[in-house]
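Listed below, chain by chain, are the residues.
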Amino acid sequence: MQNMNTPRLSDDAPVVLEMSHVSKSFGAVTALVDVSVKLRKGEVLALVGDNGAGKSTLIKVLSGYHKPDSGTITSKGKPIRFESPRDARSEGIETVYQDLALIGDLSIYHNMFIGREYRKRMFGMKFLDNQKMRGMAEEYLSTLGINIPNVNSTVDRLSGGQRQCVAVARSIYSAPSVLILDEPLAALGVRESAHVLGLVQKLRREREVSIILIVHNYSQIFEVCDRINFLHSGEIVLDAATSDITEEELTRTVKSGLGRLLRPEDAEIALAAVP
Amino acid sequence: MGIVSNIKNDPVGALSPAGKRSVGFQRPTTPLDKALTLLSRYREASIAVVAVLLVIYFQIGSDNQFLTSQFLSVVLRDTGRLGLIAIAEVMLMITGEIDLSVSSVFSLAPYSMVLMANSLGVPLPLAAIISLVMGVAVGVLNGVVTVRFRVPSLITTVGTLFLFQGIVVWINDSQPIVAPIQEPFNALFGQNLFQPDDSLLSWHAVTAFTPFLWTLAAVIVIALVLNRTTFGLHTIATGSNIIGAREIGVRTDRIKIYNFMLAGGLAAFAGIINTVQFSSADPQAGSPFLTLQAIAAAVIGGTSLLGGSGTVVGALIGAFVVATLNNGLVMVGAQATVSDIYLGAAILGAMILNVQVNRLRARRRI
Ligand SMILES: Nc1ncnc2c1ncn2[C@@H]1O[C@H](COP(=O)(O)OP(=O)(O)OP(=O)(O)O)[C@@H](O)[C@H]1O
Ligand SMILES: [Mg+2]
């Protein structure tokens, strides 16, 4: 199943980001229950699960957007508390959120650099270096092969796929050590999807970036991921290497809605569960 | 033509449907197109056109009395006062908030300044700085209540409006007090209006316009802050998409509080200039009407009530339009009370024009 050009990850690669026993609820809704996730250096981890299973909540805890009700986060071996996504970003954790977190009223290039703007000193004060940001945004987007007319235009004029490309480009080019992608391919065309997946592999291979990927298309998972975590009603019910499980088994497991791994011999159970 | 350049940019030839009419490749062709493009590219353009038309109308209607130094010093004084408050509202409205308490700060700050100078002997410049800090402190209160306690700013600032207006009226039984004159403080912040026999080359010609010149300086500074600094970028981000801004690490709460502080400071500054101008501190100098006129100036100047976009230059021109209507109508013989009717109609007209220009343009583009 493993793609030929993805190196097999050694089991003793150091853990770069870890969440242990994290719970999170919103009022009466419990989104995460005692969740523990480990991410190793240079690893691509897939997070799968039904709609509303808690995938986005999980990655928002790792990105500093949500504070966990209980449990801890460990980054590069030391316990850490994120007060805001700003803290997570300065730890090298970059996230493409499901809602993309783009600012519709700002230009594409301002969106690419918001939160880490380039500035230059003038009259003793620091002003935005728009020229530099414009140039770099153009360069990034063209190396990504994205068809975007003009980096000066505001983001609210872009198509859904173009927006997603801008959000992905922003995170990829922020030199992250951990990259979290929440359904980054949802709005992308076939060509653009392939391109982004290619970049994911390249980032891992060349810079040992660790990546968490939420995708609903399982063939894409088996193309690029080392490990799969299956989140079911806020709990991690499966943690398996992609080499230990087949695409068919994964599909059947998730489809059954039972929240446990179904091997081929469990076929009748799976059938019974599907109405 | 648009399509040709797009194909060049698309080596694989997989044109997305959106790409065909993508922004930035179409050149406006007919004069109407050009005018519409200009009007919509610069949000200040439509209000600037209105301002020019008004000036022409009043200049003709008043037998060339409008464009005289004497009359303009009145119009520009009012423009300056309104403009300072309008740009404060612009910054807040960009973040998606509003401040209705500015008029109470406009009364409170100069009143405290004069009290400090008269009864404690504090030099005016120092008293002015302390009063500015008080205005900023009111902003902190507005901001913290709005952001931390999640009270909508519309309600927060109505509360602080009554609170501080009540306090300033209560201090001295709503008696106005005469402001001391201490040079060069008074000359710096504006003494008197331009008189008919004043020479344009006299020092007075400058001091007569200082309230407006201060506002002009403030507009330039705030415009730079809004368009050229990280703070400005984050201010727009906060109002445009607050969840997205938080996700990407913008400290939206702080940004809002800072903008409330800025509003309080600007309102205090406007009040101080107003008091120096009239040599008197009136506890009722600022009425909520002043705030509403400033908000109107901001909105007809091109600032969105929904947050995410706004222009301080537009707000200044908007303030000029409001001040021109207020003074010009009286000059051409209208009753002072009637001018509000025209003002109301003008606000509605300008807003309809603004919205329609954007829609028309969107339809022709696509
Ligand atoms: N801000 C919030 N306030 C209240 N409830 C929330 C909030 N965010 C998420 N939830 C709830 O938490 C649960 C998990 O949501 P989450 O967005 O993490 O799901 P998901 O796995 O990402 O789903 P999807 O595949 O549809 O994106 C859902 O029941 C959702 O209603
Ligand atoms: Mg989700």
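Note that the structure is predicted; figures quoted are calculated from it, not measured. (Residues numbered from 1 in each chain as written. Chains lettered and ligands numbered in written order. Predicted model: local features only at pLDDT ≥ 70, side-chain atom pairs only at ≥ 80, totals over all residues. Heavy atoms only, no water.)

Draft legend 1. Focus on the UniProt feature "transmembrane region" (unreviewed entry) in chain B. Residues and elements named next belong to chain B. Residues annotated in UniProt with the feature "transmembrane region" (unreviewed entry) correspond here to residues 45-61, 126-147, 154-171, 201-226, 257-276, 288-306, 313-335 and 341-357. Helix makes up 100% of residues 257-276 and strand 0%. Its end C-alpha atoms lie 29 Å apart. Measuring from the first to the last C-alpha atom of residues 313-335 gives 30 Å, for a span that is 83% helix and 0% strand. (UniProt positions renumbered as here; feature names shortened; annotations may be inferred. Helix = DSSP H or I, 4+ residues; strand = E, 2+ residues; numbered from the N terminus.)

Draft legend 2. Highlighting the pattern of salt bridges. Residue and element names in this part refer to chain A. The final tally for this structure, using the stated rule, is 19 salt bridges over all chains. Across the salt bridge formed by Arg-204 and Asp-226, the nearest N and O atoms sit 2.8 Å from each other. With Arg-204 in helix α6 (residues 190-207) and Asp-226 in the loop between α7 (218-224) and β11 (227-232), this residue pair connects regions lying 22 residues apart in the sequence. Considered together, Arg-204 and Asp-226 belong to a single accessibility category, that of buried residues. Between Arg-252 and Glu-248 there is a salt bridge whose closest N-O contact spans 3.0 Å. Taken as a pair, Arg-252 and Glu-248 lie in helix α8 (residues 247-256) at a separation of 4 residues, close to a single helical turn. (Salt bridge = Lys/Arg side-chain N within 4 Å of Asp/Glu carboxyl O. Buried < 20%, exposed > 50% of the residue type's maximum accessible area, 1.4 Å probe, protein only.)

Draft legend 3. Just the sheet that holds strand β4 (residues 70-75) of chain A, in detail. Residues and elements named next belong to chain A. One open sheet accounts for 4 strands, arranged β2-β1-β4-β5; its pairing is antiparallel. For this open sheet the edge positions go to β2 (29-40) and β5 (78-80), each flanked by a neighbour on one side alone. Taking the axes of each pair of neighbouring strands and ignoring which way they run, one obtains an average angle of 25° across the sheet. (Pairing = 2+ DSSP bridges. Axes fitted to C-alpha atoms, helices over the stretch in contact; angles between N-to-C directions.)

Draft legend 4. Layout of the interface of chain A and chain B. The partner chain B presents 36 residues to the 30 residues of chain A that form the contact. In total, about 2,800 Å² of surface goes out of reach between chain A and chain B, with carbon and sulfur atoms giving 57% of it. On inspection of chain A and its partner chain B, the count reaches 1 salt bridge. The shortest N-O distance in the salt bridge between A:Lys60 and B:Glu247 comes to 3.7 Å. (Contact = heavy atoms within 4.5 Å. Buried area = accessible area lost by both parts, 1.4 Å probe.)

Draft legend 5. Fine view of the domain arrangement of chain A. All names here are of chain A. Per the domain assignment, the segments of chain A are domain 1 (1-92 + 177-244) and domain 2 (107-175). Measuring from the centre of the C-alpha atoms in domain 1 to the corresponding centre in domain 2 gives 25 Å. The partner domain 2 presents 15 residues to the 16 residues of domain 1 that form the contact. Regarding the contact of domain 1 and domain 2, the summed buried area is about 1,300 Å², with carbon and sulfur atoms giving 57% of it. Remark: the boundary between domain 1 and domain 2 carries 0 salt bridges. For the interface between domain 1 and domain 2, the tally reads 5 residue pairs in polar contact (both at pLDDT 80 or more). (Domains from an automatic or database assignment. Polar contact = N/O pair within 3.5 Å; in protein donor to acceptor, adjacent residues only side chain to side chain.)

Draft legend 6. Spatial organisation of the coordination of the magnesium ion (ligand 2). Every protein donor of the magnesium ion (ligand 2) is accounted for by A:Ser56 (OG) and A:Gln98 (OE1), and the metal-donor separations fall at 1.9 to 2.1 Å. With A:Ser56 in helix α1 (residues 55-62) and A:Gln98 in the loop between β6 (93-96) and α3 (108-113), the pair connects residues that are 42 residues apart, well separated along the chain. (Donors = N, O, S within 2.8 Å, 3.2 Å for Na, K, Ca; no water.)

Draft legend 7. Layout of the UniProt feature "domain: ABC transporter" (unreviewed entry) in chain A. In this structure's numbering, the residues bearing the UniProt feature "domain: ABC transporter" (unreviewed entry) are residues 17-258 of chain A. Secondary structure over residues 17-258 of chain A splits into 34% helix and 29% strand, and the C-alpha atoms at its two ends are 29 Å apart.

Draft legend 8. Layout of helix α6 (residues 102-120) of chain B. Residues and elements named next belong to chain B. Compared with the 27 Å implied by 1.5 Å per residue over 19 residues, the 26 Å span of α6 between its first and last C-alpha is a close match. The buried count for α6 comes to 15 of 19 residues, which makes it a mostly enclosed element. Immediately beyond the C-terminal end of α6, within one or two residues, lies Gly-121, with a positive phi of roughly 70°. (Expected span 1.5 Å × (residues − 1).)

Draft legend 9. Seen up close, the nonpolar core. One finds A:Ile108, A:Met112, A:Leu250 and B:Ile87 to be the most contacted residues of the largest nonpolar core, which totals 144 residues. Ranked by the residues each element gives to this core, the list is headed by helix α5 (residues 69-94) of chain B, at 14 residues. Lining this core are residues from two domains, each supplying at least three of them: domain 1 (1-92 + 177-244) and domain 2 (107-175) of chain A. Non-local contacts of A:Leu250, meaning those with residues more than four positions away in its chain, are made with A:Val48, A:Tyr218, A:Phe222, A:Ile228, A:Leu238 and A:Ile245. (Core = buried A, V, L, I, M, F, W, Y, C linked by side-chain atoms within 4.5 Å.)

Draft legend 10. Geometry of the packing of aromatic side chains. All names here are of chain B. Applying the stated criterion across every chain yields a total of 11 aromatic pairs over all chains. Pairing Phe-189 with Phe-269 gives two aromatic rings, centres 6.1 Å apart and planes at 90°, and the pair type is edge-to-face. Placement of Phe-189 in helix α9 (residues 185-189) and of Phe-269 in helix α14 (residues 252-278) is noted, with a sequence separation of 80 residues between them. Residue Phe-189 is classed as buried on the basis of its relative accessible area of 13%. The buried category is assigned to Phe-269, whose relative accessible area is 17%. Aromatic side chains Phe-231 and Tyr-258 sit 6.2 Å apart centroid to centroid with 50° between the ring planes, which places their arrangement in the tilted category. (Phe/Tyr/Trp six-rings, centres within 6.5 Å; stacked < 30°, edge-to-face > 60°.)

Draft legend 11. Geometry of the site of ligand 1. Residues and elements named next belong to chain A. Looking at ligand 1, there are 14 residues lining it, with Gly-52, Lys-55, Ser-56, Thr-57 and Gln-98 nearest. Take Ala-53: an N or O atom from its main chain is 3.2 Å from an oxygen atom of ligand 1. Gln-98 places a side-chain nitrogen or oxygen 2.9 Å from an oxygen atom of ligand 1. In isolation ligand 1 has 640 Å² of accessible area, and contact with the protein removes 63% of it. Secondary structure elements with two or more residues in the shell around ligand 1: β2 and α1. Take the shell around ligand 1: its biggest share by element is 3 residues, from α1. For the shell around ligand 1, a count of residues per class yields 4 nonpolar, 7 polar and 3 charged. (Near = heavy atom within 4 Å. Areas by Shrake-Rupley, 256 points an atom, 1.4 Å probe, with all protein chains shown as cover. Nonpolar A, V, L, I, M, F, W, Y, C, P; charged D, E, K, R; others polar.)

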